[in-house]
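Descriptive analysis of the structure
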Amino acid sequence: MTSTASEKPLTGSAPAATSEVELSIGGMTCASCAARIEKKLNRMDGVTATVNYATEKAKVSYPAGTEVSDLIATVVKTGYTAEEPPPPPPPAGEAAEAATTAAPDGELLALRQRLLVSLVLSVPVILMAMVPALQFDNWQWLSLTLAAPVVVWGALPFHKAAFTNARHGAATMDTLVSTGTLAAFGWSLWALFFGQAGMPGMRHGFDLTISRTDGSSSLYLEAAAGVTAFILAGRYLEAKSKRKAGAALRALLELGAKDVAVLRGGAEVRVPVARLAVGDRFVVRPGEKVATDGTVVEGTSAVDASLLTGESVPVDVTVGDAVAGATVNAGGRLVVEATRVGADTQLARMARLVEDAQNGKAAVQRLADRISAVFVPVVILIALGTLLTWLLVTGDATAAFTAAVAVLIIACPCALGLATPTALMVGTGRGAQLGILIKGPEVLESTRRVDTVVLDKTGTVTTGRMTLHDVYAAEGTDETELLRLAGALEYASEHPIAQAVAAGAIGRAGGLPVPENFESVAGLGVQGVVDGHAVLVGRERLLREWAIELPRELEEAKAAAEAEGRTAVAVAWDGEARGVLTVADAIKETSAEAVAELRGLGLKPVLLTGDNQLVAESVARAVGIDEVIAEVLPQDKVDVVKRLQGEGRTVAMVGDGVNDAAALATADLGLAMGTGTDAAIEAGDLTLVRGDLRVAADAIRLSRRTLATIKGNLFWAFGYNVAALPLAATGMLNPMIAGAAMAFSSVFVVTNSLRLRTFK
């Protein structure tokens, strides 16, 4: 899946095109493997690569003149496999879809089989070594018989990987495990065949530390078999957890419909979704998924978008409304015209954003990668140093050997490599389920520092649509009649305020009569005859032109509404003022709750708008915002963000329009409402798929929780190795206990990350 990126001009030369490709990497067993591949790729001219151990993918940017085959060859020379991921199967091809999941499951089954056989054979070996009462005459030869297949066949993946790495002059976690288990097994063979350990009646006890009898009668078969079994168990649990970690993204990709009923020549034809084109019209029956993004051209219904946005309440749609692919038609029959297909759909873009975020690396992970790259050679040196020190200080070859093996086995850097990617996989996947798209790990760092959140008013805090607010009827005038006559005239006008009045009138008064002699008076309002009445609807000045004055109570109602920032519409008929209707951009029901949640996260909210000060202050009061910046031109929004940053604040910006894109990009953290424009979504760091401001607070909480999980994982991984190495080197750990502890560290990190799946 190769895509040409933007061209960047070079000084004094023609522009150089760069391309991007994502490679699937095979054969990686720990973070140091990923670090080695990354290092080799980045040494190629003009190549920038990021290799992710958890997702087993490399994201590579390469210049013109470099072929993908060159990149793959570099990975192969490093001792691993690489290939371009196959294109996604057509949604209708269930067999192809099954094939894409079969490979990982097959690997998992093979690992499970290797683990179970190793466990069955290892348990008796460990029990005989630990419990002297089980040590019958010649028990040691049974231990050898059981342990040999575990060390040779069970640990074969470690030995093969260690051999491959050695051929390329490298050392990884497999080098440590293979060297440690073979050394323990080799010592045991020497003691059995050339020492005293093979004598009938030989006995020895088990100790958590390294104490043993003299070297010629010391066996380490339980350490060799036990370490292999424990590390295989850790690998299996890790692989299974990694599958769970990526489950949210896989679920997201599988949400779409498989086939669709397209209208061709007036008849419905069932075709695979992959064959849909922009402009095609297709039918969505109740209970079916919408096949792709489009616009409703026929029918009304309620659409359940919970699978895509996390929003539980179905949304009513009618002719002209946009619907997204993978949402479910919960009501009547719809005919939809496709506006986006394939990789352009909202679902595909969501999946791409989530996958890109999972492939990225936070600053803290880059430090961990640098440490992992040098960790294994350092550990081998420490093990040799431990061996020599014990020999020089104590002269006890058995103790020296045991301590060195314990150092080799306990020092695996797997937990370091898994700390960030597993938390990112789970966090971004869970975010996608809740309608929150995190663009990359760098975003997580920003959410921790943010102290000010700038909220665009229109479309973010408010609905962005004018709505009928209050109805003030003059004395002796029926409110329903007032709405019927005013609404009938306004229905014939295309002005947004008129449409708001008409929609409100239909909602409150029911059906509207048809006006006669309708006329629009530019800048003032509308006039006409409705049910035999000469009706005027518009500014107070329109009424004055007909010598009609507002009575005192209506004048006061109008002044109060305008003081609140609402637009007042006067209504008169048959020569008398009959009422005042107020219209405003309605505040979203959840905005006040969202502002309170943002405050609870330690953020100071600021309302930013191009509207006049009165309107802005009215909205701010209603939702609980103290700081208002109003009457700002679209191009000045960037300056406002920069000014706040200049005051020492770390600014998050929430917006949805084209005029918000530059400010979203300038802010330390940009949160784009997914109901807004593509420009805003591209500029934002976090995309909120639904237009509920409360999701902004959820997004910041989820990002902070994910970052905290990453840091907790890294603290555990670093702390574990820092504490465990001295214990092993000073003889405080039996190699088998070291193996169990090492396996547990990786499982702990992945399990800790999986807790993010429960985020609500």
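About the cut-offs
Residues numbered from 1 in each chain as written. Predicted model: local features only at pLDDT ≥ 70, side-chain atom pairs only at ≥ 80, totals over all residues. Heavy atoms only, no water. UniProt positions renumbered as here; feature names shortened; annotations may be inferred. Helix = DSSP H or I, 4+ residues; strand = E, 2+ residues; numbered from the N terminus. Expected span 1.5 Å × (residues − 1). Buried < 20%, exposed > 50% of the residue type's maximum accessible area, 1.4 Å probe, protein only. Arc of directions from axis to C-beta. Contact = heavy atoms within 4.5 Å. Patch = residues over 30% accessible without salt bridge, like charges linked within 9 Å, V, L, I, M, F, W, Y side chains within 5 Å. Areas by Shrake-Rupley, 256 points an atom, 1.4 Å probe, with all protein chains shown as cover. Salt bridge = Lys/Arg side-chain N within 4 Å of Asp/Glu carboxyl O. Phe/Tyr/Trp six-rings, centres within 6.5 Å; stacked < 30°, edge-to-face > 60°. Core = buried A, V, L, I, M, F, W, Y, C linked by side-chain atoms within 4.5 Å. Domains from an automatic or database assignment. Axes fitted to C-alpha atoms, helices over the stretch in contact; angles between N-to-C directions. Parallel < 35°, antiparallel > 145°, perpendicular 65-115°, else oblique. Left-handed = near helix turned anticlockwise from the far one by under 90°. Nonpolar A, V, L, I, M, F, W, Y, C, P; charged D, E, K, R; others polar. Pairing = 2+ DSSP bridges.

- Under an unreviewed UniProt entry, the name given to the chain is Cation-transporting P-type ATPase B, and the source organism is Streptomyces bungoensis.
- Quoted verbatim from the Sequence similarities (unreviewed entry) field of the UniProt record, the comment on the chain reads "Belongs to the cation transport ATPase (P-type) (TC 3.A.3) family. Type IB subfamily."
- For the chain, the Catalytic activity (unreviewed entry) comment in UniProt is given as "ATP + H2O = ADP + phosphate + H(+)".

**Concerning helix H19 (residues 552-563)**
- Between its terminal C-alpha atoms H19 stretches 16 Å, which fits the 16 Å expected from 12 residues at 1.5 Å a residue.
- When H19 is considered as a whole, its buried residues turn out to be Leu554, Ala557, Lys558 and Ala561. Angular distribution of buried residues about the axis of H19 spans 100°; they occupy a single face of the element.
- Contacts from the buried residues of H19 go to strand E17 (462-473), helix H18 (540-545), strand E21 (567-573) and strand E22 (576-587).
- Of the residues flanking the end of H19, it is glycine 565, one or two places downstream, whose phi is positive at about 85°.

**Quick word on the environment of asparagine 165**
- Relative to the assigned elements, asparagine 165 resides in helix H5 (residues 156-167).
- Put simply, asparagine 165 and threonine 78 are 87 residues apart on the chain and 8.0 Å apart in space, counted from C-alpha to C-alpha.
- Those residues in contact with asparagine 165, other than ones at most four positions away along the chain, are Arg36, Tyr80, Ala170 and Thr172.

**Focus: a nonpolar patch on the surface**
- On the surface, Leu116, Leu119, Val123, Leu127, Met130, Val131 and Leu134 cluster together to form a nonpolar patch covering roughly 530 Å² of accessible area.
- With respect to the helices and strands, leucine 127 occurs in helix H3 (residues 94-130).
- The class of leucine 127 is partly exposed, set by a relative accessible area of 41%.

**Quick look at the packing of aromatic side chains**
- Considering all chains together, one arrives at 4 aromatic pairs under this definition.
- On the basis of an interplanar angle of 20° and a centroid distance of 4.5 Å, the ring pair of tryptophan 187 and phenylalanine 401 is categorised as stacked. Of this pair, tryptophan 187 sits in helix H6 (residues 173-194) while phenylalanine 401 sits in helix H12 (residues 397-410); the two residues are 214 residues apart in sequence, bridging distant segments of the chain. In this structure, tryptophan 187 and phenylalanine 401 share a single accessibility class: buried.
- Here the aromatic rings of tryptophan 716 and phenylalanine 748 are separated by 4.5 Å at their centres, their planes lie at 40°, and the arrangement is tilted. Taken together, the residues span a long stretch of sequence, with tryptophan 716 in helix H25 (residues 694-729) and phenylalanine 748 in helix H26 (residues 735-754) at a distance of 32 residues.
- Tryptophan 716 sits in the partly exposed class, given a relative accessible area of 28%.
- Counting every residue linked through ring pairs, the aromatic cluster contains Trp187, Trp190 and Phe401.

**Description of the nonpolar core**
- Counting residues in each nonpolar core, the largest one holds 47 residues, and the members touching the most others are Ile436, Leu455, Leu669, Leu671 and Leu686.
- If you tally residues by element for this core, the top one is H25, at 9 residues.
- Domain assignment of the residues forming this core places at least three in each of domain 2 (107-246 + 359-422 + 710-758) and domain 4 (441-461 + 588-684).
- When sequence neighbours within four positions are dropped, the list of residues in contact with isoleucine 436 reads Thr428, Gly431, Leu686, Thr687, Val695, Asp698, Ala699 and Leu702.

**Some thoughts on the side chain of threonine 462**
- The residue threonine 462 is located in strand E17 in this model.
- Excluding anything up to four places from it in sequence, threonine 462 contacts Lys457, Asp585, Ala586, Ile587, Lys588 and Val619.

**Side note on the pattern of salt bridges**
- Overall, the coordinates contain 24 salt bridges when judged by the stated rule.
- Measuring nitrogen to oxygen at the nearest pair gives 3.6 Å for the salt bridge that ties glutamate 268 to arginine 333. Residue glutamate 268 is located in strand E7 (residues 267-272), and its partner arginine 333 is located in the loop between strand E13 (328-329) and strand E14 (334-340); the two are separated by 65 residues in the primary sequence.
- The exposure class assigned to glutamate 268 is partly exposed, which follows from its relative accessible area of 35%.
- One network of salt bridges, in which partners are shared, links Lys604, Glu627, Arg643, Glu647 and Arg649.

**Observations concerning the UniProt feature "transmembrane region" (unreviewed entry) in the chain**
- Within the UniProt annotation, "transmembrane region" (unreviewed entry) is assigned to residues 115-133, 139-156, 176-199, 219-237, 371-393, 399-420, 713-730 and 736-754.
- Taken end to end, residues 139-156 comprises 94% helix and 0% strand; its first and last C-alpha atoms sit 25 Å apart.
- Secondary structure content for residues 176-199 is 79% helix and 0% strand, and the end C-alpha separation is 31 Å.

**Some words on the packing of helix H20 (residues 591-600) against H25**
- Contact geometry of H20 with H25 gives a least axis separation of 7 Å together with a crossing angle of 25°. In terms of orientation, H20 lies roughly parallel with respect to H25. For H20 against H25, the interelement crossing comes out left-handed. Side by side, H20 and H25 meet where Glu593, Ala594, Glu597 and Leu598 of the first sit next to Arg694, Ala696, Ala697, Asp698 and Ile700 of the second.
- Counted by class, the contact of H20 with H25 contains 5 nonpolar, no polar and 4 charged residues.

**Thoughts on the sheet that holds E13**
- If you walk across this open sheet you meet the 3 strands as E11-E10-E13, and the pairing is antiparallel. The open sheet has two free edges, formed respectively by strand E11 (315-317) and E13, since each of these has just one partner strand.
- Relative to E11, strand E10 (residues 301-304) runs antiparallel, the two sharing 3 bridges. Looking at the pairing, serine 301 lines up with valine 317 of E11.

**Considerations on the packing of H12 against H25**
- Relative to each other, H12 and H25 sit at 165°, their axes nearing to 8 Å. One way to sum up the angle between H12 and H25 is to call them roughly antiparallel. Considering how the two elements wind past one another, H12 and H25 form a crossing that is right-handed. Contact residues: Ala403, Ala406, Val407 and Ile410 in H12; Tyr720, Asn721, Ala724, Leu725, Ala728 and Ala729 in H25.
- By residue class, the composition of the contact of H12 with H25 is 9 nonpolar, 1 polar and no charged.

**A few points about the sheet that holds E17**
- If you walk across this open sheet you meet the 6 strands as E17-E22-E21-E20-E19-E18, and the pairing is antiparallel. If you trace the sheet from one side to the other, it starts and ends with E17 and strand E18 (516-521), each paired once. Direction aside, neighbouring strands of the sheet carry axes that sit 20° apart on average.
- Alignment of E17 against E22, held across 7 bridges, turns out to be antiparallel. Among the inter-strand pairings, valine 471 is bridged to a residue of E22, identified as leucine 581.
- Across the sheet, helix H17 (residues 496-509) is in contact with E17, E21 and E22; its angle to E17 comes to roughly 65°.

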